[in-house]
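# Observations on the three-dimensional arrangement
The primary structure of each chain is shown beneath.
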Amino acid sequence: MNGSRIAAVGHYQPAKVLTNEDLAGLVDTSDEWITSRVGIRTRHIAGPDEPVDELAGHAAAKALASAGLGPEAIDLVVVATSTAVDRSPNMAARVANRLSIPHPAAMDVNVVCAGFTHALATADHAVRAGAATRALVIGADKMSEVTDWTDRTTCVLVGDGAGAAVVEAAEEPGIGPVLWGSVPEMGNAVRIEGTPARFAQEGQSVYRWATTKLPPIARAACDKAGLTPADLAAVVLHQANLRIIEPLAAKIGAVNAVVARDVVESGNTSAASIPLAFSKLVERGEISSGDPVLLFGFGGNLSYAGQVVRCP
């Protein structure tokens, strides 16, 4: 085998929906204030009895079912998350246990909002190297648990959820080369720190960085895949803020692409945002099998990672 491909995807969101009107009862805000600044209208919030590994497990189970596979087919589980409460067992081991996956390599990747695209690249590399034959790659975060619900600058942004992909060996590569990196000196622009841990960011710094520095990097990810942005059928960016997504997508130059805007109904779900939005595009039939799709994550550290994949 010369590469790997995404065989199937799946996603999961908690049942509870928090609207902008609901938030207006908690903090000094309004539907108009939120939609005009970040474009978000609703978000899904997990309950106290819904841990991150449960969200991840539901999404992974859907991806496995879509691929027509049982848990015994998986030999690598990679979970991207930045909201794990415990250090051990890690989320990947907990998900493997939930799904009764026997003897997998199990690792977590914490690259915050760029976590899924980093995890996908890690699984792709493992399959290409022969260290794994079939992997579950999951992005899952419970941002509501690290949010100060009295801070209107951050609590209006976040949501909870998970998305997953089954990655397997393929004769024709369906996952393009990753382009990844970071700007460590700006790492404090997005933070989840303290006791208890709380999410905070320097919104204007992140906005300027994302809309000015990232477009050429995203275009370079297309170059590495041997494509131009005009060849893309879809662009799935980290669902941070509609005011970041729309100008960034426009500057990439993907003029023929569907642009994922799941942030409107899901909010910022951190590592879950890309697989969640991607899975919804597939489920709704907005993209077809074999279509080239740019996945591009960015955020905490400030890290970024992007690759062109073929739609399952």
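My aim in this report is to walk through the structure given alongside it, one point at a time. (Residues numbered from 1 in each chain as written. Predicted model: local features only at pLDDT ≥ 70, side-chain atom pairs only at ≥ 80, totals over all residues. Heavy atoms only, no water.)

### Some remarks on unusual backbone geometry
- Residues Ser-88 and Pro-89 are joined by a peptide bond in cis, for which omega reads 0°.
- With respect to the helices and strands, Pro-89 occurs in the loop between β4 (76–80) and α4 (91–99).
- Going from Thr-195 to Pro-196, the amide bond is cis rather than trans, its omega being 0°.
- When you line up the elements, Pro-196 lands in the loop between β9 (190–193) and β10 (198–201).
- At Val-112, a residue that is not glycine, the phi angle is positive and equals roughly 50°.
- Structurally, the position occupied by Val-112 is in the loop between β5 (105–109) and α5 (115–128).
- A positive phi is found at Ser-270, a non-glycine position, where the angle reads about 55°.
- Along the chain, Ser-270 falls in the loop between α10 (263–266) and α11 (273–283). (Helix = DSSP H or I, 4+ residues; strand = E, 2+ residues; numbered from the N terminus.)

### So, the sheet that holds strand β14 (residues 303–310)
- Reading across from one edge, β8-β14-β13-β11-β12 is the order of the five strands in this open sheet, with mixed pairing throughout. Looking at which strands have only one partner, the edges of the open sheet turn out to be β8 (179–182) and β12 (258–259).
- Where strand β13 (residues 292–299) meets β14, eight bridges bridge the pair, whose relative direction is antiparallel. If you follow Gly-297 over to β14, its bridge partner there is Ala-305. (Pairing = 2+ DSSP bridges.)

### Concerning the environment of Asp-53
- Relative to the helices and strands, Asp-53 resides in helix α3 (residues 52–67).
- Once the C-alpha coordinates of Asp-53 and Thr-212 are considered, the two residues, 159 residues apart in sequence, prove to be 35 Å apart.
- Apart from the residues within four sequence positions on either side, Asp-53 is in contact with Met-91, Arg-94, Val-95 and Arg-98.
- Looking at Asp-53, its side chain comes within polar contact range of the side chain of Arg-98, at 2.6 Å. (Contact = heavy atoms within 4.5 Å. Polar contact = N/O pair within 3.5 Å; in protein donor to acceptor, adjacent residues only side chain to side chain.)

### As for the packing of α3 against α4
- Where α3 contacts α4, the two axes come as close as 9 Å, and the packing angle between them is 55°. With respect to α4, the element α3 is oriented oblique. Of the two elements, α3 crosses α4, and the hand of that crossing is right-handed. Residues Val-52, Asp-53, Glu-54, Ala-56, Gly-57, Ala-60, Ala-61 and Leu-64 of α3 lie in contact with α4, whose contacting residues are Met-91, Arg-94, Val-95, Arg-98 and Leu-99.
- In terms of residue class, the contact of α3 with α4 is built from eight nonpolar, one polar and four charged. (Axes fitted to C-alpha atoms, helices over the stretch in contact; angles between N-to-C directions. Parallel < 35°, antiparallel > 145°, perpendicular 65-115°, else oblique. Left-handed = near helix turned anticlockwise from the far one by under 90°. Nonpolar A, V, L, I, M, F, W, Y, C, P; charged D, E, K, R; others polar.)

### So, the sheet that holds strand β1 (residues 3–12)
- Taken in spatial order, the five strands make up an open sheet running β1-β7-β6-β4-β5, and their pairing is mixed. For this open sheet the edge positions go to β1 and β5, each flanked by a neighbour on one side alone. Going across the sheet, the axis of each strand differs from the next one's by a mean of 20°, ignoring polarity.
- Here β4 runs beside strand β6 (residues 134–142); their pairing, made up of five bridges, is parallel. The residue bridging Val-77 from the neighbouring strand is Leu-136, located in β6.
- Sheet strands in contact with α3 are β1, β6 and β7 (160–170), and its direction is about 125° off that of β1.
- Contacts from α5 reach β1, β4, β5, β6 and β7, with the element oriented near 165° to β6.

### Examining the nonpolar core
- Of all hydrophobic cores here, the largest spans 47 residues; its most connected members are Trp-209, Leu-214, Leu-232, Leu-237, Leu-294, Phe-296 and Phe-298.
- Breaking this core down by element, the ones donating at least two residues are α2 (31–37), α7 (203–212), α8 (214–224), β11 (234–237), α9 (242–252), β13 and β14.
- If you tally residues by element for this core, the top one is α9, at six residues.
- Those residues in contact with Trp-209 that lie beyond four places of it in its chain are Val-183, Met-186, Leu-214, Phe-298, Gly-299, Leu-302, Ser-303 and Tyr-304.
- One finds Val-78, Ala-114, Val-236 and Ala-271 within the second-largest nonpolar core, a separate group that totals 33 residues. (Core = buried A, V, L, I, M, F, W, Y, C linked by side-chain atoms within 4.5 Å. Buried < 20%, exposed > 50% of the residue type's maximum accessible area, 1.4 Å probe, protein only.)

### Some points on the pattern of salt bridges
- Tallying each qualifying case throughout the model produces 15 salt bridges.
- Close ionic contact of Glu-168 with Arg-5 constitutes a salt bridge, the shortest N to O distance being 2.6 Å. With Glu-168 in strand β7 and Arg-5 in strand β1, this residue pair connects regions lying 163 residues apart in the sequence.
- The closest approach of N and O atoms between Lys-142 and Glu-145, which form a salt bridge, is 3.5 Å.
- Since its relative accessible area comes to 38%, Glu-145 is described here as partly exposed.
- Put simply, Arg-5, Arg-134 and Glu-168 are held in one network by salt bridges that share partners. (Salt bridge = Lys/Arg side-chain N within 4 Å of Asp/Glu carboxyl O.)

### Describing the packing of aromatic side chains
- Scanning the model with the defined rule gives two aromatic pairs in all.
- Each ring, one from Trp-209 and one from Phe-298, has its centre 6.5 Å from the other, and the planes form 70°; the classification is edge-to-face. Taken together, the positions of Trp-209 in helix α7 and Phe-298 in strand β13 put the pair 89 residues apart, joining distant regions of the chain. As far as burial versus exposure is concerned, Trp-209 and Phe-298 are alike and both buried.
- Judged by centre distance (6.3 Å) and plane angle (40°), the rings of Phe-296 and Phe-298 are tilted. The same class applies to Phe-296 as to Phe-298, namely buried. (Phe/Tyr/Trp six-rings, centres within 6.5 Å; stacked < 30°, edge-to-face > 60°.)

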